[in-house]
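Spelled out, the chains give:
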Amino acid sequence: MNANEIFIEARRLLQDTEEPYRWSNERLHDALQLGINALASIRPETRYVDGLLTDGVMLPADDSASFPVNHRYKDALVCFVVHQCYADDSSDTVNSQLSKDYLAKFNSKAQL
């Protein structure tokens, strides 16, 4: 799995698929790293890389490079990225609720 795969799905859900993007790749990258950290707190086994316990998975700077998180958590990470983007716009009450909804989806999917 790589960050670009997550970004494509997140942008589709955010309806942010045409440039100029509302949320930059840097913002999505930061949100994804937060999501990976949050996933590790729910699923500690995601901190194992090649059988070794790590302090956590760090995203590579190159968004097309793969990172060592099981593909089954892709949907959860997409939901977390979307949650973070909507949280940026939380002054809008609709986006605030969407942010909460996507955080709940992340938590649900991370438990699987």
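Reference entry: report on the structure contained in this document. All figures in this text were calculated on a predicted structure; none of them were measured in a lab.

## Here we look at unusual backbone geometry
The phi torsion of most residues other than glycine is negative, and most of the peptide bonds are trans. Residue Pro 20 is bonded to the preceding Glu 19 through a cis peptide linkage, with omega at 0°. Mapped onto the secondary structure, Pro 20 falls in the loop between α1 (3-14) and α2 (25-42). Positive phi, close to 55°, is recorded for Gln 15, a residue that is not glycine. Its place among the elements puts Gln 15 in the loop between α1 and α2.

## Describing the side chain of Arg 11
Of note, Arg 11 is situated in helix α1. Look at Arg 11 and you get buried, because its relative accessible area is 5%. Those residues in contact with Arg 11 that lie beyond four places of it in its chain are Asp 16, Thr 17, Tyr 21, Trp 23, Ser 24, Asn 25 and Leu 28.

## Here's the deal with the packing of α2 against helix α4 (residues 93-111)
Packed helices, taken two at a time, are described by the angle their axes make and the gap between the axes. Between α2 and α4, the least distance of the axes is 10 Å, while the angle of their chain directions is 50°. As judged from the angle between their axes, α2 and α4 are oblique. The interaxial crossing formed by α2 with α4 has right-handed handedness. Where α2 approaches α4, its residues Gly 35, Ala 38, Leu 39 and Ile 42 are matched on the opposing element by Phe 106, Asn 107, Ala 110 and Gln 111. Taken together, the residues of the contact of α2 with α4 sort by class into five nonpolar, three polar and no charged.

## Quick notes on α4
In a regular helix each residue adds 1.5 Å, so 19 residues correspond to 27 Å; α4 covers 28 Å between its end C-alpha atoms and thus fits that length. Packed against the buried residues of α4 are α1, α2 and α3 (74-88).

## So, the state of the cysteines
Scanning all chains against the criterion turns up zero disulfides. Not engaged in a disulfide, the cysteine Cys 85 finds its nearest cysteine sulfur in Cys 79; these two sulfurs lie 12 Å apart. When its relative accessible area of 0% is taken as the criterion, Cys 85 is described as buried.

## A word on the packing of α3 against α4
Their axes nearest at 8 Å, the elements α3 and α4 cross at an angle of 160°. By the criterion of interaxial angle, the relationship of α3 to α4 is roughly antiparallel. Here the hand of the crossing between α3 and α4 comes out left-handed. Each of Asp 75, Ala 76, Leu 77, Cys 79, Phe 80, Val 82, His 83, Tyr 86 and Ala 87 in α3 lies in contact with α4, whose residues at this interface are Asn 95, Leu 98, Ser 99, Tyr 102, Leu 103, Lys 105, Phe 106, Lys 109 and Ala 110. Looking at the contact of α3 with α4, its residues break down into twelve nonpolar, three polar and three charged.

Conventions adopted
- Residues numbered from 1 in each chain as written.
- Predicted model: local features only at pLDDT ≥ 70, side-chain atom pairs only at ≥ 80, totals over all residues.
- Heavy atoms only, no water.
- Helix = DSSP H or I, 4+ residues; strand = E, 2+ residues; numbered from the N terminus.
- Buried < 20%, exposed > 50% of the residue type's maximum accessible area, 1.4 Å probe, protein only.
- Contact = heavy atoms within 4.5 Å.
- Axes fitted to C-alpha atoms, helices over the stretch in contact; angles between N-to-C directions.
- Parallel < 35°, antiparallel > 145°, perpendicular 65-115°, else oblique.
- Left-handed = near helix turned anticlockwise from the far one by under 90°.
- Nonpolar A, V, L, I, M, F, W, Y, C, P; charged D, E, K, R; others polar.
- Expected span 1.5 Å × (residues − 1).
- Disulfide = S-S within 2.5 Å.

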